[in-house]
Amino acid sequence: MSLTTTRDQVPDDGSTNGLATPPSPTADDAVHEMDNPHRARSIKDVFARITMWGAFFVAVIPLVWILWTVISRGIHMVTTSVWWTNNQRNINSDDFGGGARHAIEGTLLQAGMTALISIPIGVLTAVYLVEYGRGRLARAISFMVDILSGVPSIVAALFIYAVWVTTFGIDRNGFAVSLSLVLLMIPTVVRSTEEMLKLVPNELREASYALGVPKWVTIVRIVLRTAFSGIVTGILLGLARVMGETAPLLILGPYTKNFQRNLFEGNMATLPTMINQDRNDFALATAAERMWGAALTLIFLVLLLNIIGRIIAHFGSVKK
């Protein structure tokens, strides 16, 4: 009855007797409403992609430019056999020829000694902070690591000089350089190892403890092996940093053109100091060639160490 009355009250001419009714949405309007959220997300996605790729190219351009400059200007020196077998003895700044074997050996010896000291200290410190560290001692160690992370290389070199040369009266040598590089490498190893150990799931530790395995065995056989790949990466980052440092070498290990394979006696040549030596005579084409060749050799050594480290990490990590 009410339906009939309501229908009878609506006039036949389509008027609503003062009552406003919204127009019926058409099919185009419905499609438009459905497309708007999707279109906004698409615009944001395109904008994010453009920003990401733009930032990537901005970061890659200087890297490619540096690599191209070093390779193009130093490749003809590196491709000669004399470069890898001879030193710079009796070679003046304006003379052609000479090699970089003495600098390569010095760089590898100092880097090896630095790694031999830094890696055990850095890894064990990280293990203590993650697995055992509680209380004031752990906070103090973490605070000191943060301080070392921000210490400039020249400050580390001056500290070792004050202790090694001024206090104990020992001559400057390659081992003193390694000690200063240890101060720069340890924070990198500690922080990278610490982050990798934190990524190991606690379920692995708890499962090992539930089986009655001692904590130190769990750390050695499970935690460290699980995080081995990341630990190696952090060690390589620290080693790559110290191999390119110059300030400790200039202060504690003056350059020599002769072979020097004893870290505890006399001056020792390295690739960074060789670059600095030839930089002083950069106006001479012969010195500039040796400088670019030494720079390319240093890049090649760092790349080779990273490749070796990746191989070790691949075969030493836990297989899934």
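Only a predicted model underlies this, so the values are computations on that prediction, with no experimental measurement involved.

J.: Would you mind going over the overall build of the chain with me for this structure?
T.: On a plain count of helices and strands, the chain comes out with 13 helices and zero strands. The order of helices and strands in the chain, counted from the N terminus, is α-α-α-α-α-α-α-α-α-α-α-α-α. Looking at the chain residue by residue over its 320 residues, the buried ones come to 37%. Sequence separation of 24 or more characterises 74% of the internal contacts of the chain that already satisfy a separation of 6 or more. Entry remark: accessible area of the chain is about 19,400 Å², with carbon and sulfur atoms responsible for 67%.

J.: Any chance you could explain the pattern of salt bridges here in plain terms?
T.: One side chain can pair with another of opposite charge once the charged atoms of both are near each other. The final tally for this structure, using the stated rule, is nine salt bridges. For the salt bridge of Glu131 with Arg205, the shortest nitrogen-to-oxygen distance reads 2.8 Å. Taken together, the residues Glu131 in helix 4 (residues 101-132) and Arg205 in helix 8 (residues 202-210) connect sequence positions 74 residues apart. Of the two residues examined, Glu131 and Arg205, each falls in the buried class. Among the salt bridges present, the one from Glu194 reaches Arg191, with a minimum N-O distance of 2.5 Å. Here Glu194 and its partner Arg191 are both found in helix 7 (residues 174-198), three residues apart, which amounts to about one turn of the helix. Residue class for Glu194 comes out buried when judged on its relative accessible area of 8%. Three or more residues joined by partner-sharing salt bridges are found here, namely Asp146, Arg191, Glu194 and Lys198.

J.: Help me understand the packing of helix 8 against helix 9 (residues 215-226) in this model?
T.: Any two packed helices are characterised by the angle at which their axes cross and by the distance between the axes. Running from N to C, helix 8 and helix 9 cross one another at 145°; their axes reach a closest spacing of 10 Å. The element helix 8 and its partner helix 9 pack so that their crossing is right-handed. Residues Leu204, Arg205, Ser208 and Tyr209 of helix 8 pack against Lys215, Thr218, Ile222, Val223 and Thr226 of helix 9.

J.: Would you mind going over a nonpolar patch on the surface with me for this structure?
T.: Taken together, the side chains of Met52, Trp53, Phe56, Phe57 and Ile61 present a nonpolar region at the surface, about 570 Å² in accessible area. Within the secondary structure, Ile61 is located in helix 2 (residues 27-78). Look at Ile61 and you get exposed, because its relative accessible area is 55%.

J.: When you look at the packing of aromatic side chains in this model, what are you seeing that I'm missing?
T.: Two numbers describe a pair of aromatic rings. These are the distance of the centres and the angle of the planes. Applying the stated rule across the entire model yields six aromatic pairs. Plain terms: the ring middles of Trp53 and Phe56 are 5.7 Å apart, the flat faces sit at 90° to each other, and that makes the pair edge-to-face. Placement of the pair is Trp53 and Phe56 together in helix 2, with a separation of three residues, close to one helical turn. Of the aromatic side chains, those joined through ring pairs into one cluster are Trp53, Phe56 and Phe57. Looking at Lys215, its charged tip hangs above the ring of Tyr132, at a distance of 4.6 Å from the centre. Between the NZ or CZ atom of Arg261 and the centre of the ring of Phe259, over which it lies, the distance is 4.8 Å.

What counts, and at which threshold
- Residues numbered from 1 in each chain as written.
- Predicted model: local features only at pLDDT ≥ 70, side-chain atom pairs only at ≥ 80, totals over all residues.
- Heavy atoms only, no water.
- Helix = DSSP H or I, 4+ residues; strand = E, 2+ residues; numbered from the N terminus.
- Buried < 20%, exposed > 50% of the residue type's maximum accessible area, 1.4 Å probe, protein only.
- Contact = heavy atoms within 4.5 Å.
- Areas by Shrake-Rupley, 256 points an atom, 1.4 Å probe, with all protein chains shown as cover.
- Salt bridge = Lys/Arg side-chain N within 4 Å of Asp/Glu carboxyl O.
- Axes fitted to C-alpha atoms, helices over the stretch in contact; angles between N-to-C directions.
- Left-handed = near helix turned anticlockwise from the far one by under 90°.
- Patch = residues over 30% accessible without salt bridge, like charges linked within 9 Å, V, L, I, M, F, W, Y side chains within 5 Å.
- Phe/Tyr/Trp six-rings, centres within 6.5 Å; stacked < 30°, edge-to-face > 60°.
- Lys NZ or Arg CZ within 6 Å of the ring centre and 35° of its normal.

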